[in-house]
Amino acid sequence: MKRKRGLIIAGIASIVALVVVIALIWWAEGSWKHTQAAMEASTSSEASSSSAIENSSKSSDAASSTSTDASLSSSSDEATQTQDSTASSSLSSASDSDDAVATDPTTTSQSTKNGKTVAQVQLTWWDAESAGIQANGAVNNVVETGGTCTLTATKGSVSRSVSREATVNATNTSCGEITIPRSQLAVGNWTIRLSYSSSKSQGVSGSQTVNVAD
């Protein structure tokens, strides 16, 4: 009887142990499947994140390229506008030379041999009107009183001159406006010069051509 009871207990223990083993196997399999699914989800998430980063980088590069192209285009447009402005200014300057009133942007002087300062005389504007040849100028490197400015017009062997006393300014000596009367001038082109002379300075401007109309 005791032996029979022991066999029954041993059988029950074996069954319980088998159930436990089966349960452990089932749990381990479920846990492995869960872990595998989590790993697959994590891998998929990482792949999506990497793809998003790559797409964002491409978008950023494209935006940067577009911005660079726009900047280059803007710089090109500005350079073109600058060139157009320069060309327009040059054409405007060339057109101004045909107007009745002209200006001389350069300063021309001649040296002297009598120990005087070389006066840098400049014709600032000149014109030919019904009153005659009118001109204005200044001595840019001399600030003094007592000097005389003379406007001379030459046509072939004919020469006409008018002088006036110069006036001193803060930075130069001004000749003011000088007019050679129309009654002294024949029709045609005249070459004009503005000269300056004082006890200390002497000089003459560059020559300019002015037309006296009929």
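Q: Any chance you could explain the pairing of strand E9 (residues 201-204) here in plain terms?
A: Within a regular beta strand, the side chains point alternately toward one face of the sheet and then the other, so they alternate between its two faces. Here two bridges tie strand E1 (residues 117-118) to E9, and the two strands are oriented parallel to one another. Looking at the pairing, Val 118 lines up with Gln 202 of E9. In this sheet, E9 lies alongside strand E8 (residues 188-197) in antiparallel orientation, the contact comprising three bridges. If you follow Ser 195 over to E9, its bridge partner there is Val 204. The turn joining E8 and E9, which pair antiparallel and follow one another in sequence, is formed by three residues.

Q: I keep staring at a nonpolar patch on the surface and nothing clicks. Help me out?
A: Residues Ile 8, Ile 12, Val 16, Val 20 and Leu 24 make up a contiguous nonpolar surface patch of about 450 Å² in total accessible area. Examined against the element boundaries, Val 16 turns out to sit in helix H1 (residues 2-96). In this structure Val 16 comes out as partly exposed when scored by relative accessible area, which is 46%.

Q: So what exactly am I meant to see when it comes to the nonpolar core here?
A: Side chains of nonpolar character tend, in soluble globular proteins, to be buried together. Counting 22 residues, the largest nonpolar core has Ile 133, Cys 149, Leu 151, Trp 190, Ile 192, Leu 194 and Tyr 196 as its most contacted members. Elements supplying a minimum of two residues to this core: strand E2 (121-129), strand E3 (132-139), strand E4 (148-155), strand E7 (173-181), E8 and strand E10 (208-212). Among the elements that take part in this core, E8 stands out by supplying four residues, more than any other.

Q: Looking at this model, I keep getting lost on the sheet that holds strand E6 (residues 167-168). Mind explaining?
A: Strands pair in a sheet through their backbones, by hydrogen bonds, and they do so in one of two ways: parallel or antiparallel. The sheet built from four strands is open, its strands ordered E2-E3-E7-E6 with antiparallel pairing. Because the sheet does not close on itself, it has two edges, and the strands there are E2 and E6. Direction of pairing for E2 relative to E3: antiparallel, over a ladder of eight bridges. Across the sheet, Asp 127 pairs through a bridge with Gln 134, a residue of E3.

Q: How should the state of the cysteines be read in this particular structure?
A: Such a bond, covalent and formed between the sulfur atoms of two cysteines, is termed a disulfide. For the structure on display, the rule yields one disulfide. With its sulfur 2.0 Å from that of its partner, Cys 149 forms a disulfide with Cys 175. Because the torsion about its S-S bond is -70 degrees, the bridge between Cys 149 and Cys 175 counts as left-handed. Of this pair, Cys 149 sits in strand E4 while Cys 175 sits in strand E7, and the two are 26 residues apart along the sequence. Exposure class is identical for Cys 149 and Cys 175. Each is buried.

Reading the values: rules and limits
- Residues numbered from 1 in each chain as written.
- Predicted model: local features only at pLDDT ≥ 70, side-chain atom pairs only at ≥ 80, totals over all residues.
- Heavy atoms only, no water.
- Pairing = 2+ DSSP bridges.
- Helix = DSSP H or I, 4+ residues; strand = E, 2+ residues; numbered from the N terminus.
- Patch = residues over 30% accessible without salt bridge, like charges linked within 9 Å, V, L, I, M, F, W, Y side chains within 5 Å.
- Areas by Shrake-Rupley, 256 points an atom, 1.4 Å probe, with all protein chains shown as cover.
- Salt bridge = Lys/Arg side-chain N within 4 Å of Asp/Glu carboxyl O.
- Buried < 20%, exposed > 50% of the residue type's maximum accessible area, 1.4 Å probe, protein only.
- Core = buried A, V, L, I, M, F, W, Y, C linked by side-chain atoms within 4.5 Å.
- Disulfide = S-S within 2.5 Å.

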